[in-house]
Amino acid sequence: MFKDQVIKVIDKLEGGYYHPNMLLDGRVKDNRYSKSGETMFGIDRLRGGSINSTSAGKRFWMLIDQANASKLWKWNYKGGSLEPELKSLASEMIKPLFNNLSKSYLSNKAIEIVNNSEALLFHFIYATYNGSGWFKKFANDITTAISSGIIDPVQLINVAINSRTKEGLKPGDPPNSLIAQSGRKIATMFKVITPAVKIATPLIIAGLILYFILKK
């Protein structure tokens, strides 16, 4: 399930290839990319840290170099025939970092629940992309909820969505726009219904039933 969720993160949130050469030669015309480095599937070649120096990371970038991607690939290209292997390698690169962050910030009970819930696993895989600070914040929120007796994954993904959409990195901080946007996308992907909507929906249905009864 881990690899499947990494692929889903890539397809739904991160996308394909970018190289600074694209801005220079006109393949990309958006100057917002002026400070971006070479990235593939959301993995930054220079700023990605230790995952790029793993055996999977070395092969990942070797395949990209062998394809002469910096000169030939279009923006957001996912590798063509190389795509399946590159996605598999990306999963291998992310997994050890995910495991280390999980052991550092999630309780054993939380790890068990997260690893058995597609939505929560997706949330924390993407938290690995977001960085250790965000992972720690999201982990604290989930661990606190579990400690209070909430162990239903459906309720916990609501906690996760609220963490992304309604809160900043530190207590009192406003929500981060990009993190909040990802929270809304995750909610849509996994059909998460907020508690307010859950309460409102049966009331609306009851109101409609009463309306038609009285109408008769």
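Residues numbered from 1 in each chain as written. Predicted model: local features only at pLDDT ≥ 70, side-chain atom pairs only at ≥ 80, totals over all residues. Heavy atoms only, no water.

Colleague: So what's going on with the overall build of the protein chain? Residues and values would help.
Modeller: For the protein chain, the count of helices and strands is 11 helices and 3 strands. Starting at the N terminus, the α and β elements of the protein chain follow one another as α-β-α-β-β-α-α-α-α-α-α-α-α-α. Per-residue burial over the protein chain gives 39% buried out of 216 residues. Within the protein chain, contacts between residues at least 6 apart in sequence are counted, and of these 64% link residues at least 24 apart. Accessible surface, the protein chain: about 12,200 Å² in total, of which carbon and sulfur atoms supply 57%. (Helix = DSSP H or I, 4+ residues; strand = E, 2+ residues; numbered from the N terminus. Buried < 20%, exposed > 50% of the residue type's maximum accessible area, 1.4 Å probe, protein only. Contact = heavy atoms within 4.5 Å. Areas by Shrake-Rupley, 256 points an atom, 1.4 Å probe, with all protein chains shown as cover.)

Colleague: Please give an account of the packing of helix α6 (residues 108–115) against helix α7 (residues 118–130) that cites residues and values.
Modeller: Two elements in contact, α6 and α7, have axes whose closest approach is 6 Å; the angle formed by their N-to-C orientations is 110°. By the angle between their axes, α6 is roughly perpendicular relative to α7. Taking contact as the criterion, the partners of Ile 113, Val 114 and Asn 115 in α6 are, on α7, Leu 120, Leu 121 and Phe 124. (Axes fitted to C-alpha atoms, helices over the stretch in contact; angles between N-to-C directions. Parallel < 35°, antiparallel > 145°, perpendicular 65-115°, else oblique.)

Colleague: Tell me about the packing of helix α1 (residues 2–14) against helix α5 (residues 83–105), residues and numbers included.
Modeller: For any two helices packed against each other, one specifies the crossing angle of their axes together with the interaxial distance. The geometry of α1 relative to α5 is characterised by a closest axis approach of 9 Å and an angle of 110° between their N-to-C directions. Judged on the interaxial angle alone, α5 and α1 are roughly perpendicular. Packed against α1, whose contacting residues are Phe 2, Lys 3, Val 6, Ile 7, Ile 10 and Asp 11, the element α5 presents Lys 87, Ser 88, Ala 90, Ser 91, Ile 94, Lys 95 and Phe 98 at the interface. Class assignment for the residues of the contact of α1 with α5 results in 7 nonpolar, 2 polar and 4 charged. (Nonpolar A, V, L, I, M, F, W, Y, C, P; charged D, E, K, R; others polar.)

Colleague: Explain the sheet that holds strand β2 (residues 39–40) residue by residue, including any values.
Modeller: In space, the 3 strands of this open sheet follow the order β1-β2-β3, with antiparallel pairing throughout. Taken across any chain shown, the strands that pair with only one partner, and hence form the sheet edges, are β1 (17–18) and β3 (43–44). Of the pairings in the sheet, the one linking β2 to β3 comprises 2 bridges and is antiparallel in character. By the bridge assignment for β3, Met 40 is matched with Ile 43. (Pairing = 2+ DSSP bridges.)

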